Amino acid sequence: MSMIQDDFNQFQRISKKLIEAEIKEAVVAPIKAEKLYDVLDLSLEEEGISDDQFYQVLEELVMHTPRTASKQFFNQLFGGRKGKASLGDLIAVMLNNSMYTYKVAGPMVGVEKEIIHQVCRLIGYGKESNGTIAPGGSMSNYMAMVMARDQKVEDIRSSGVDRKMTLYTSIDCHYSIAKNSALMGIGRDQVRFIETDSYGCMIPEKLEESISKDLNDGFTPFFVNATAGTTVLGAFDPIGPLSEICSKFDLWLHVDGAYCGSVIFSNRYKFLVESCEKADSFSFNAHKMIGTPLTCSLILVKDKKHLYNSFSNDASYLYQTDGDDFNLGKTSLQCGRRNDALKFWCLWKSMGTKGLSDLVDHQFYLADIARDYIKKNSDYTLYSFDNSISVCFNYKNIPAQKLCTALYEEAKLMVGFGHFRQEEFVRFVTINSDNSAEDILNFFHVLEQFVEDKQELLLSEALMDS
Ligand SMILES: *Cc1c(COP(=O)(O)O)cnc(C)c1O
């Protein structure tokens, strides 16, 4: 067996090779799923292999994996690679603490608490606020929904759900809201999907109508989800008007800012979540706009008593020293929990809040570059609006699904498609703040050249479709 130092040397070697490859070949040629086990040696066997063989196999695997840090990855709501954040995550792996107690995580507890404290301040929450780090945005939403349920019906934690409880979200929200409703015993049928306007924002009057109807019909409304950055269009629900309705009917208001809640860091764009301090809870994914490695999702609550009420359990085998404030397991979803705080802290510490603000602003700047380019070119149809980092469009009427799939199969660009109402379009996201304006224009040039080269394949059907 080799020394651990040999493994780390290999880490350095393979990483260097990967970074070079990301520049030369931004999109890796995909392996067809049905051929995967023929192309790569993924089998696990009774006998081990030599170190040299092992490093070789590992390198092959790495070199065939989709390159999410490259300048041509626009497929999802994350991308790029921040050095300081990656360093923080690697150190977290080295230390391998678990965040539940101060005894085991030591100063890392302080790291997480400082992040949460600063974020609460940016949201505008007061002294009673607190938060935690969840395993992703879906689970942050889940925690918010559970707290809302538990606050609405006293004793529901013990006796279970005994009535029809309803919750409200826009038709353009993330799918986790409906899934969570099933998971927490409320049921998918009790989710009311509220209509949105032509910008994809929830219409407050429709929300109020829906709540009133449910009350008349004997339901117990308890939760409203406002999305800050819808998954397809990047639209922002109007938090102020929604919060007034929530006060009127005594409902919990949550802001799902997984995608774009990070605008709280920007003086220029935080108006998009105006009145967010009125929400009972607020979540955002630092692994999206801020660019930390996956996953880093924060859930903040205006009143911390709800976190304790829904998530704390006594366990004498675990909580043996220090107060609740430093034993983070009392307010988290998991028991053993990896240190997702350090990567975020490293980035924040190194660039300051001002630096994070610049990251956010830069993404909107890149989106403006993309929208301007599209508006000036009549071969494109634009579907998205200002103040969104999702730039949705079609090119020469080519069906978006067909175009995106061809670009992927031919290893040109990684970009996905989305729907709004009847339309299907390419959803291009400027979430990678490592990109420059030039990289954004390059995306369009690669796309146009590709369509030109593949005219027969792509355009014939487009003509038929139109
Ligand atoms: C990405 C996203 C989520 C889910 O976050 P995960 O970390 O992928 O679970 C939830 N809501 C919105 C609006 C999102 O964009």
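Quantities reported herein were computed from a predicted structural model and do not represent experimental measurements.

Caption draft 1: Structural context of the side chain of D214. Mapped onto the fold, D214 is located in helix α10 (residues 204–216). Looking at D214, the relative accessible area reads 3%, which means it is buried. Not counting chain neighbours up to four residues away, the residues in contact with D214 comprise T166, Y168, R192, F219 and P221.

Caption draft 2: Here's a closer look at the site of the ligand. The ligand sits among 15 residues. The nearest are G137, S138, D256, N285 and K288. Separating an oxygen atom of the ligand from a backbone N or O atom of G137 is a distance of 2.7 Å. Contacts to the ligand include D256, whose side-chain N or O atom sits 2.7 Å from a nitrogen atom. Alone, the ligand offers 380 Å² of accessible surface; in the complex the protein occludes 85% of this. The dominant element in the shell around the ligand, judged by the number of residues it contributes, is helix α7 (residues 137–152), at three residues.

Caption draft 3: Up close: the domain arrangement of the chain. Domain annotation of the chain identifies domain 1 (2–65) and domain 2 (87–346). Centre-to-centre, using C-alpha coordinates, domain 1 lies 37 Å away from domain 2.

Caption draft 4: Spatial organisation of the nonpolar core. Counting residues in each nonpolar core, the largest one holds 65 residues, and the members touching the most others are V119, I264, F265, F284, L298 and F344. Counting residues per element, this core draws most heavily on helix α14 (residues 341–375), which supplies ten residues.

Caption draft 5: Inspection of the packing of aromatic side chains at higher detail. Applying the stated criterion across every chain, the model contains 24 aromatic pairs. Aromatic pair F265 and W348: ring centres 5.2 Å apart, planes at 80 degrees, arrangement edge-to-face. Remark: W348 occurs in helix α14 and F265 occurs in the loop between β6 (252–257) and β7 (281–285); sequence separation between them is 83 residues. Summarising the burial analysis for this pair, F265 and W348 share the class buried. With a centroid separation of 6.3 Å and 75 degrees between ring planes, the pair formed by F284 and F344 is classed as edge-to-face. Residue F284 is located in strand β7, and its partner F344 is located in helix α14; the two are separated by 60 residues in the primary sequence. Each member of the pair, F284 as well as F344, is classed as buried. By way of ring pairs, the aromatic residues F74, Y373, Y380, F393, Y395, F428, F443 and F444 are connected into one cluster.

Caption draft 6: The arrangement of the environment of L457 in detail. Positionally, L457 belongs in helix α17 (residues 455–465). For L457 and H117, which are 340 residues apart along the polypeptide, the C-alpha to C-alpha distance reads 54 Å.

Caption draft 7: Seen up close, the sheet that holds strand β10 (residues 390–395). One open sheet holds the five strands; their spatial order is β1-β11-β12-β10-β9, and the pairing between them is mixed. At either margin of the open sheet sits one strand with a lone partner, and together these are β1 (73–74) and β9 (380–382). Across two bridges, β1 lies against strand β11 (residues 414–420) in parallel orientation. Residue pairing for β11: F73 is matched across the bridge by M414.

Caption draft 8: A look at the pairing of β6. β6 sits mainly inside the fold: six of its six residues count as buried. Covered by surrounding structure in β6 are W252, H254 and D256 together with L253, V255 and G257, the residues of both alternating faces. Examined bridge by bridge, strand β5 (residues 220–227) and β6 share five bridges and lie parallel to one another. Paired with F223 across the strands is W252, a residue of β6. Handedness of the β5-helix α11 (residues 239–249)-β6 crossover: right-handed. Where β6 lies against β7, four bridges are found, and the strand directions are parallel. For D256, the partnering residue across the bridge sits in β7 and is S283.

Caption draft 9: Summary view of helix α3 (residues 51–63). With 13 residues, α3 should cover 18 Å at 1.5 Å per step; its first-to-last C-alpha distance of 18 Å lies within 8% of that length. Of the residues making up α3, those classed as buried are Y55, E59 and M63. One side of α3 carries all its buried residues, which in axial view fall inside an arc of 65 degrees. Contacts from the buried residues of α3 go to α1 (4–24).

Caption draft 10: A look at the layout of surface pockets. Put simply, the largest pocket is a space of about 990 Å³. Every element with two or more residues in the lining of the largest pocket is listed here: α1, α3 and α4 (83–95). Broken down by element, the lining of the largest pocket gets its largest block of residues, nine residues, from α1. Taken together, the residues of the lining of the largest pocket break down into 15 nonpolar, eleven polar and six charged. Looking at the lining of the largest pocket, you find at least three residues from each of domain 1 (2–65) and domain 2 (87–346).

Caption draft 11: Representation of α10 in the model. Its 13 residues place the ends of α10 19 Å apart at the C-alpha level, agreeing with the 18 Å of an ideal helix rising 1.5 Å per residue. What α10 keeps buried is the set P204, L207, S210, I211 and D214. Looking down the long axis of α10, one finds its buried residues gathered within 125 degrees of arc, a one-sided arrangement. Turned more than 90 degrees away from the buried face of α10 sit E205, K213 and N216, all of them exposed. Tucked inside the fold, the buried residues of α10 contact β3 (165–170), β4 (191–194), β5 and α11. Directly beyond the C-terminal end of α10, a positive phi value near 85 degrees is found at G218.

Criteria and thresholds
Residues numbered from 1 in each chain as written. Predicted model: local features only at pLDDT ≥ 70, side-chain atom pairs only at ≥ 80, totals over all residues. Heavy atoms only, no water. Helix = DSSP H or I, 4+ residues; strand = E, 2+ residues; numbered from the N terminus. Buried < 20%, exposed > 50% of the residue type's maximum accessible area, 1.4 Å probe, protein only. Contact = heavy atoms within 4.5 Å. Near = heavy atom within 4 Å. Polar contact = N/O pair within 3.5 Å; in protein donor to acceptor, adjacent residues only side chain to side chain. Areas by Shrake-Rupley, 256 points an atom, 1.4 Å probe, with all protein chains shown as cover. Domains from an automatic or database assignment. Core = buried A, V, L, I, M, F, W, Y, C linked by side-chain atoms within 4.5 Å. Phe/Tyr/Trp six-rings, centres within 6.5 Å; stacked < 30°, edge-to-face > 60°. Pairing = 2+ DSSP bridges. Right-handed = clockwise from strand over helix to strand, strands pointing away. Expected span 1.5 Å × (residues − 1). Arc of directions from axis to C-beta. 1 Å grid on protein atoms, 1.4 Å probe; cavity = no way out; pocket = protein on both sides within 12 Å on 5 of 7 lines; lining within 4 Å. Points joined across faces, edges and corners; volume = space filled by probe spheres on them. Nonpolar A, V, L, I, M, F, W, Y, C, P; charged D, E, K, R; others polar.

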